[in-house]
Amino acid sequence: MDVRSPDLREPDPEAVETLADGEVGHQEPELEADAAAAAEQRRQRRFLFTALLRSPTFMTGLVIVLFWVFMGLFSTAFTQSPTSIDAMATLQEPSAEHWFGTDDLGRDVLARTMAGARTVLYIAPLATVLALLWGSIVGLVSGFYRGITDEIIMRLVDVLLALPIIITSILILSLLGRGMAIIIITIGALFTPPVSRTVRSAVIGEREREYVMAARLRGERSAFVMAREILPNIKEPIIVEGTIRLGYAVFTAATLSFLGFGLAPPSPDWGLTIATQRVFLQIAPWAVLFPAAALASLVVAVNLITDGLGRVFSK
Amino acid sequence: MTTDQYRREYAEHLIEQCKKGHMTRRQLLVRASVFGLSATVAGQMLAACGGSEEETTGGGDSGMPDPVMGGTIKLIGPAPITDPDPVTIYDQGGIVLVYQFLEYLIDLDNSNGLKPKLAESWTPDETGSVWTFNLRQGVTFNDGSPFEAEDVITSIERVLDPANGSGALSQLSGVLSPGGARAVDQYTVEFTLDKPYADFPYMVSSGNYNTAILSRNYTGDIVKNPVGTGPFMLTDYVTKQKATFVKNPSYWGKDAEGRQLPYLDGMEYVMVEDNSAQNLQLQSGAVDVQPQTVFQGAQALFGDPNLRVDIYPGTGIREVAFNMNVEPWKDNKALRQAVAYCLDREAINQALYDGRSNLGYDTFWEPTVFPGSPASTPRAQDYDKAKQLLSDAGYPDGLDITLTHAKYLENPQYAQLIQDQCKPAGINVKLDQLSYEAYYAGDDADYYGTTPWLNAPMTITEWGSRPAPGIFAAAMLLPDAVWSSSHWNNPEWVSLFDQYQSTADEASRTDIAAQLSSIQQDDTPILLAFYITQLRTQKKNVYGIQGPGSFYCDLSQAFMTA
């Protein structure tokens, strides 16, 4: 039996594309099928894109996130320096000169709030990417092999899931020291178990499908089957899981900074700023409220994106 | 010359210095108290000086009502780093606690003068090398045992033993050796010093807070065995949470009207690390007194109608030390000076203390803080000079340095100010902010050789008030001082300091102090940008707390009205 025969293929266009990528010696009917699959894929992408554009939830979140990305990258071009100290102008209320007021060292709160997005937008996405990478590998292996491998991995994941994220993060950072790279790796590692759970569930649903069986029958290596056959077909749950983890990562990074285990002064990082300025809450609330509102807006925006994606994918 | 003649001559010398304008009336009182001259004699000396009364310093108990007996007062402050041990304590929490149930031979008043406590009087011989202390009679420890000369001797010998790791040893090293204290009789102790030392009474006062008088039977663990002569007795201690005290019914103290002290039935010390949480508890009325109020974040307390913030002319500092055991500070005076000339001290004072503290210029002999000290040379921010010094130091293109500090009090803000002000000169300061515990942590086997505050290349360390410049200097600038973060060793300065300690003549002391100050400033082992005005906050119905601000919080005459 020709395992690449069109009638045995998984109707999913990506699976079609994947199989087509690996084949040698195309025949005409297959070429036609490939073209149809590619067209179907394009159609689905257009549908997805259009649906996301029409989703007020997604678009609202996206605009807010893009605003903070822009601010994180370019705000210093049109605000004052976020670390410039003016010892003679401490804790000044919002004014024409300082729209958001000044903090305890006379630094411009507007500049610090805008620049504060930078660190969290480095840490959270990179940590999320790491979590998705590691979680996908673990989930694929566990879900694909099942049996004793699955049992061992999932019991370990259960143990890791039982650990409180913040306390475990503090423990790791206390042992390894601080620094952006360590924070990213720590958050990424701690978010790996929930991602692996999601991926495993999706893999279990896919591993018995015909296209997977076909790949195995034609003698593909397990790694190839997992990476090139299964993974593309479970990208939707992974993307949604990624956006969920991104929101948590933003919050976790800010929490660690707030607790003093994140970045060190004079970083304008939001969590750190909230921690250092909260003692002035009664006399200079602006120094806390603006970075706190910024943090909240980013977390809400990421959640809006998650909701929007979830609704569109469910269609 | 007899001792009485010597004291009389010294009193005349002080009066002469005061009349010539070399000494203020306040300074005369301080020096008279150090020499053990009674309040009556000091009053006569002031009268002989003439002139008008100076502004008195100290707390804000104006219009104090008659004392009210009873009640329990609640204090709030940080927990001791470790369970308090009077021989080794060095932190606010430990000192405040110990101060409630242990006492010293001599106490400090609000002007850093000395006042009798367990010693009723003290006198030097004519050489200043033998000091005789007459102890208060009829005092008992709260376990019923009598307070006698033997208790003083064992307490002092305990801190002199290097094995006990007491910070007081830094102060007493080279001044008093083991065996230097002897009991003349049951209530008289004679200290035979290694050399004449005019400021010796400070060494056995509460200003050297490890010299608290313990029972001769003390074997360690003061929490389990809280035997002392103080106005309160420790009844309960919950680590990192609270300490509870009740009044000592057999306390020896009486007020001016002869009423038994303390007025209060008891006190409780609530341990809370976070300053803003402390402030909120004060404002909510949950606690009555905050012995040390940190200005940063306490601004709201000033406007609270239910609270009173007392302001004291303190001498507390934030020592910025250059560790001269390591590069780049080793043998590089120009580099240390370059950093000093980067600082805008007025701006720092404004940012950290709303301009309330006194400026410092990297010397302990600062006349605005310690009256009678020789004038120091102000160091204004001067980037041209800093860059030139940087070039002289071998770093014409600037350099990167690391400043280690604890996340405690206003140290993080101070570190950022230093970082900001050094940048224009090309000095890039990397901040290494540690938790309070991590900053003071160290290996048990070699604490002083491993703890960050004594071994990091550049540090900020907070020091509470000290009553005299020599006390600060002995604690952190002598080569054998265990609390030296700079590890400075300048033989010329050490030799001069030895002379300074030995000299009683005020004019000669001032001359030597001028040289000491000049060398210290020039060599710049540490930066002293300010001397902190101390704040203490209490409810408006709390009165009578004694002792300078900072850690010393004497509640023996405290009371609360309805």
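Residues numbered from 1 in each chain as written. Chains lettered and ligands numbered in written order. Predicted model: local features only at pLDDT ≥ 70, side-chain atom pairs only at ≥ 80, totals over all residues. Heavy atoms only, no water.

A word on the sheet that holds strand β5 (residues 130-135) of chain B
Residue and element names in this part refer to chain B.
In step 1: An order of β4-β5-β7-β6 is seen for the four strands of this open sheet, with the pairing classed as antiparallel. Each end of this open sheet is capped by a strand with a single partner; those strands are β4 (119-124) and β6 (181-185). Taking the axes of each pair of neighbouring strands and ignoring which way they run, one obtains an average angle of 25° across the sheet.
In step 2: With five bridges joining them, β5 and strand β7 (residues 188-192) adopt antiparallel strand pairing. If you follow asparagine 134 over to β7, its bridge partner there is threonine 188. (Pairing = 2+ DSSP bridges. Helix = DSSP H or I, 4+ residues; strand = E, 2+ residues; numbered from the N terminus. Axes fitted to C-alpha atoms, helices over the stretch in contact; angles between N-to-C directions.)

Let's talk about unusual backbone geometry
All names here are of chain B.
In step 1: Omega for the bond connecting leucine 261 with proline 262 falls within 30 degrees of zero, at -5°, which places this linkage in the cis form.
In step 2: Omega for the peptide link from glutamate 327 to proline 328 comes to 5°, which places this bond in the cis form.
In step 3: Of note, proline 328 is situated in the loop between β12 (307-322) and α10 (333-342).
In step 4: The residue aspartate 362 is not glycine, and still its phi comes out positive at about 70°.
In step 5: Locating aspartate 362 in the fold gives a position in the loop between β13 (358-359) and α12 (383-392).

Points about the pattern of salt bridges
In step 1: This model, assessed by the stated rule, comprises 34 salt bridges over all chains.
In step 2: Residues A:Arg155 and A:Asp158 are paired through a salt bridge, measuring 3.0 Å at the closest nitrogen-oxygen approach. Linking A:Arg155 with A:Asp158, this pair stays in helix α5 (residues 147-162), spanning three residues, or about one helical turn.
In step 3: Classification of A:Asp158 as partly exposed rests on a relative accessible area of 29%.
In step 4: B:Asp221 serves as the salt-bridge partner of B:Lys224, at 3.8 Å between the closest nitrogen and oxygen.
In step 5: Several salt bridges converge on common partners, so that one network encompasses A:Asp103, A:Asp104, A:Arg107 and A:Arg112. (Salt bridge = Lys/Arg side-chain N within 4 Å of Asp/Glu carboxyl O. Buried < 20%, exposed > 50% of the residue type's maximum accessible area, 1.4 Å probe, protein only.)

Considerations on the environment of B:Gln44
In step 1: Tracing the chain through its elements places B:Gln44 in helix α3 (residues 39-49).
In step 2: A sequence separation of 461 residues divides B:Gln44 from B:Asp505, and the C-alpha atoms of the two residues are 20 Å apart.

So, α5(A)
Residue and element names in this part refer to chain A.
In step 1: Relative to the 22 Å expected for 16 residues at 1.5 Å per residue, α5 spans 23 Å between its end C-alpha atoms, a close match to the ideal helical length.
In step 2: Every buried residue of α5 is listed here: Asp150, Ile153, Met154 and Val157. Here the buried residues of α5 occupy an arc of 95° about the axis, which is enough to place them on one side. Turned more than 90 degrees from where α5 packs its buried face, Ile148, Leu156, Val159 and Ala162 sit exposed. (Expected span 1.5 Å × (residues − 1). Arc of directions from axis to C-beta.)

Thoughts on the interface of chain A and chain B
In step 1: Counting from both sides, the interface comprises 21 residues of chain A and, opposite them, 20 residues of chain B.
In step 2: Surface buried jointly by chain A and chain B totals about 1700 Å² across both partners, of which 56% is contributed by carbon and sulfur atoms.
In step 3: For the pair chain A and chain B, the number of links is one salt bridge.
In step 4: Applying the counting criterion to the chain A and chain B interface returns five residue pairs in polar contact (both at pLDDT 80 or more).
In step 5: A class-by-class count of the residues in the side of chain A that touches chain B yields 12 nonpolar, five polar and four charged. (Contact = heavy atoms within 4.5 Å. Buried area = accessible area lost by both parts, 1.4 Å probe. Polar contact = N/O pair within 3.5 Å; in protein donor to acceptor, adjacent residues only side chain to side chain. Nonpolar A, V, L, I, M, F, W, Y, C, P; charged D, E, K, R; others polar.)

Points about the packing of helix α12 (residues 270-277) of chain A against helix α13 (residues 286-314) of chain A
All names here are of chain A.
In step 1: The interhelical angle for the contact between α12 and α13, taken along N-to-C directions, is 150°, at an axis separation of 9 Å. Between α12 and α13, the crossing angle belongs to the class labelled roughly antiparallel. In the packing of α12 onto α13, the handedness of the crossing is left-handed. In this structure, α12 uses Trp270, Thr273, Ile274 and Gln277 to contact α13, whose residues at the interface are Ala287, Val288, Pro291, Ala292, Ala294, Leu295 and Leu298.
In step 2: Of the residues contributing to the contact of α12 with α13, the split by class is nine nonpolar, two polar and no charged. (Parallel < 35°, antiparallel > 145°, perpendicular 65-115°, else oblique. Left-handed = near helix turned anticlockwise from the far one by under 90°.)

Some thoughts on the packing of helix α11 (residues 235-258) of chain A against α12(A)
All names here are of chain A.
In step 1: For the pair α11 and α12, the least separation of the axes is 7 Å and the interaxial angle reads 35°. Crossing geometry of α11 relative to α12 is assigned as right-handed. Listed contacts from α12 to Ala254, Ser257 and Phe258 of α11 are Gly271, Leu272, Ile274 and Ala275.
In step 2: Residue composition of the contact of α11 with α12, by class: five nonpolar, two polar and no charged.

Description of the pairing of β4(B)
Residues and elements named next belong to chain B.
In step 1: In terms of strand pairing, β4 meets β5 through five bridges, oriented antiparallel. Across the sheet, residue alanine 119 finds its bridge partner in β5, namely leucine 135.
In step 2: Linkage of β4 to β5, two consecutive antiparallel strands, is achieved through a turn of five residues, within which glycine 128 is found at a positive phi near 75°.

Describing α12(A)
In step 1: For α12(A), the tally of buried residues reaches seven of eight residues, placing the bulk of the element in the interior.
In step 2: Where α12(A) begins, the side chain of A:Asp269 points an oxygen toward the backbone nitrogen of A:Gly271, at a separation of 3.2 Å.

Looking at the nonpolar core
In step 1: Residues B:Leu105, B:Phe133, B:Phe191, B:Phe200, B:Phe364, B:Tyr414 and B:Trp493 are the most contacted members of the largest nonpolar core, which totals 186 residues.
In step 2: It is α10(B) that contributes the most residues to this core, seven residues altogether.
In step 3: Among the nonpolar cores identified, the runner-up in size contains 61 residues, and A:Leu52, A:Phe144, A:Ile274 and A:Leu298 belong to it. (Core = buried A, V, L, I, M, F, W, Y, C linked by side-chain atoms within 4.5 Å.)

Here we look at a nonpolar patch on the surface
In step 1: The grouping of A:Val69, A:Phe70, A:Leu73, A:Phe74 and A:Phe78 at the surface amounts to a nonpolar patch, some 470 Å² of accessible area in total.
In step 2: Mapped onto the elements, A:Phe74 comes out in helix α3 (residues 56-74). (Patch = residues over 30% accessible without salt bridge, like charges linked within 9 Å, V, L, I, M, F, W, Y side chains within 5 Å. Areas by Shrake-Rupley, 256 points an atom, 1.4 Å probe, with all protein chains shown as cover.)

Concerning the packing of aromatic side chains
In step 1: Counted under the stated rule, the structure contains 35 aromatic pairs over all chains.
In step 2: The interplanar angle of 70° and the centroid separation of 5.2 Å between the aromatic rings of B:Tyr436 and B:Tyr440 together place this pair among those described as edge-to-face. Across the pair, exposure class does not vary: B:Tyr436 and B:Tyr440 are buried alike.
In step 3: Residues B:Phe497 and B:Tyr500 carry aromatic rings whose centres are separated by 6.1 Å and whose planes lie at 25° to one another, so their mutual orientation is stacked. On the criterion of helical spacing, the pair formed by B:Phe497 and B:Tyr500 is a turn pair, its members being three residues apart in helix α18 (residues 491-502). There is no split in this pair, since B:Phe497 and B:Tyr500 are both buried.
In step 4: Here the aromatic residues B:Phe364, B:Phe370, B:Trp463, B:Phe472, B:Trp483 and B:Tyr531 are joined through ring pairs into a cluster of three or more.
In step 5: The residue whose ring lies beneath A:Arg245 is A:Phe191, and the NZ or CZ to ring-centre distance is 5.7 Å.
In step 6: Against the face of B:Tyr543 rests B:Arg308, its NZ or CZ located 5.4 Å from the ring centre. (Phe/Tyr/Trp six-rings, centres within 6.5 Å; stacked < 30°, edge-to-face > 60°. Lys NZ or Arg CZ within 6 Å of the ring centre and 35° of its normal.)

A word on the pairing of strand β8 (residues 232-238) of chain B
Residue and element names in this part refer to chain B.
In step 1: Here β8 runs beside strand β9 (residues 242-247); their pairing, made up of six bridges, is antiparallel. Considered in β9, the bridge of phenylalanine 232 is made with lysine 247.
In step 2: Between the end of β8 and the start of β9, which pair antiparallel, lie three residues, with lysine 240 showing a positive phi angle near 65°.

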